[in-house]
Amino acid sequence: MEKKSQKELLIIIPAYNEEKNITKVLDKLEQPHIQEIADVLVMNDASSDETNWIVKDRHHALVTHVFNLGYGSALQLGYKYAIRRDYKYVIQMDADGQHDVCNIPVIYQKLKEVDENGKSLDIVLGSRFVKGSSKFPVSAGKRLAFALFRRMIKLGTGRSIKDPTTGLQGLSRRTVLYYSKYNHFDDKYPDANMIMQMLLLGFRIDEIPAVMHARTEGVSMHSGIKPVIYMFRMFFSILAVLYRIKVLKIGVGEITE
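Residues numbered from 1 in each chain as written. Predicted model: local features only at pLDDT ≥ 70, side-chain atom pairs only at ≥ 80, totals over all residues. Heavy atoms only, no water.

(A) Representation of the packing of aromatic side chains in the model. By the definition in use, this model includes nine aromatic pairs. Their ring planes at 85° and their centres at 6.1 Å tell us that F149 and Y230 sit as a pair that is edge-to-face. Remark: Y230 occurs in helix α9 (residues 226-247) and F149 occurs in helix α6 (residues 140-157); sequence separation between them is 81 residues. An identical accessibility class is assigned to F149 and Y230; each is buried. Summarising the aromatic geometry, the rings of F235 and F236 are spaced 5.1 Å apart at their centres and angled 85° between planes, so their arrangement reads as edge-to-face. On the basis of relative accessible area, F235 is assigned to the partly exposed category, the value being 28%. Cluster of aromatic residues (ring-pair linked, three or more members): Y79, Y179 and F185. Lying over the aromatic face of F136, R128 brings its terminal NZ or CZ to 5.4 Å of the ring centre. Above the plane of the ring of F203 lies R174, whose end atom (NZ or CZ) is 4.6 Å from the centre. (Phe/Tyr/Trp six-rings, centres within 6.5 Å; stacked < 30°, edge-to-face > 60°. Helix = DSSP H or I, 4+ residues; strand = E, 2+ residues; numbered from the N terminus. Buried < 20%, exposed > 50% of the residue type's maximum accessible area, 1.4 Å probe, protein only. Lys NZ or Arg CZ within 6 Å of the ring centre and 35° of its normal.)

The structure is reproduced here in structure tokens:
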């Protein structure tokens, strides 16, 4: 059997009990125009359903946690995998089908673009709220949270980020290497706090329009009382990032081109 050549792009998909969605996501990722540019890694965070076996049967790279470690930990271990395997770019997307696969070539191309100074982006955010994005339903509570996080990022960095909690992101190797190191990444809810951190540390970030869909199957990690917990945790996490970098100067000057 001929060995598959490794691509320069790795798609990382954290998954927890997504048996109702993961097959449809993998079907789309196995389309020729995606397969020719990207490899797929599924981070199975100790699912109790058939997620693990579905991915195994499709012969994609798979890491399965023995215990549930959380979304952030699943992503960070995926970053370590990408660095160890020498991938140049990473795109992270959700396993629930919300992130349309059509976004992948667009984000990949944006990561590879070089400006007039020879610089490329470190992080490309697939945004639900910039011109050209598809319509996406958002509850009143989430709209309030997004407005708060946007304001905090604007006050802290001077940058306007329309979708500070998007899980659809493209990352350069420089970003993946930084995130993969101890204490550089939130192991629970890496969202607006990480965007704040990376802007303050001088990483180059931009948003592009994205096509996204509402979840139709399974249970979101932000269900029940979790959104309230998430909002409070994120608020204080953003403040902690500001204090750590702006006041204590931790991490400032460590980043090289």
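(B) Fine view of the pairing of strand β1 (residues 9-15). Among the seven residues of β1, seven are classified as buried, and the element is accordingly described as predominantly covered. Burial along β1 is two-sided: L9, I11, I13 and A15 and L10, I12 and P14, pointing in opposite directions, are all buried. As judged from the seven bridges shared by β1 and strand β2 (residues 38-44), these two strands associate in the parallel manner. Bridge pairing in β2 links L10 to D39. In this structure, β1 lies alongside strand β4 (residues 89-92), joined through four bridges in parallel fashion. Residue pairing in the sheet places I11 in a bridge with I91 of β4. (Pairing = 2+ DSSP bridges.)

(C) Main features of the packing of helix α8 (residues 192-200) against α9. In contact at an axis separation of 8 Å, α8 and α9 are set at 15° when each is read in the N-to-C sense. Classified by the angle their axes make, α8 and α9 are roughly parallel. Helix-helix and strand crossings are classified by hand; for α8 and α9 the assignment is right-handed. Each of A192, N193, M196, Q197 and L200 in α8 lies in contact with α9, whose residues at this interface are M234, S237, I238, V241, L242, R244, I245 and K246. Grouping the amino acids of the contact of α8 with α9 by side-chain chemistry returns eight nonpolar, three polar and two charged. (Axes fitted to C-alpha atoms, helices over the stretch in contact; angles between N-to-C directions. Parallel < 35°, antiparallel > 145°, perpendicular 65-115°, else oblique. Left-handed = near helix turned anticlockwise from the far one by under 90°. Contact = heavy atoms within 4.5 Å. Nonpolar A, V, L, I, M, F, W, Y, C, P; charged D, E, K, R; others polar.)

(D) Up close: unusual backbone geometry. Look at D86: it is not a glycine, yet its phi comes out positive at around 70°. Following the sequence through the fold, D86 ends up in the loop between α4 (71-84) and β4.

(E) Structural detail: the side chain of H65. For H65, the position within the fold is in the loop between β3 (61-64) and α4. For H65, the side chain forms a polar contact with the side chain of D45, separated by 2.7 Å. In this structure H65 touches M43, N44, D45, A46, S73, A74 and L77, once residues within four positions along its chain are discounted. (Polar contact = N/O pair within 3.5 Å; in protein donor to acceptor, adjacent residues only side chain to side chain.)

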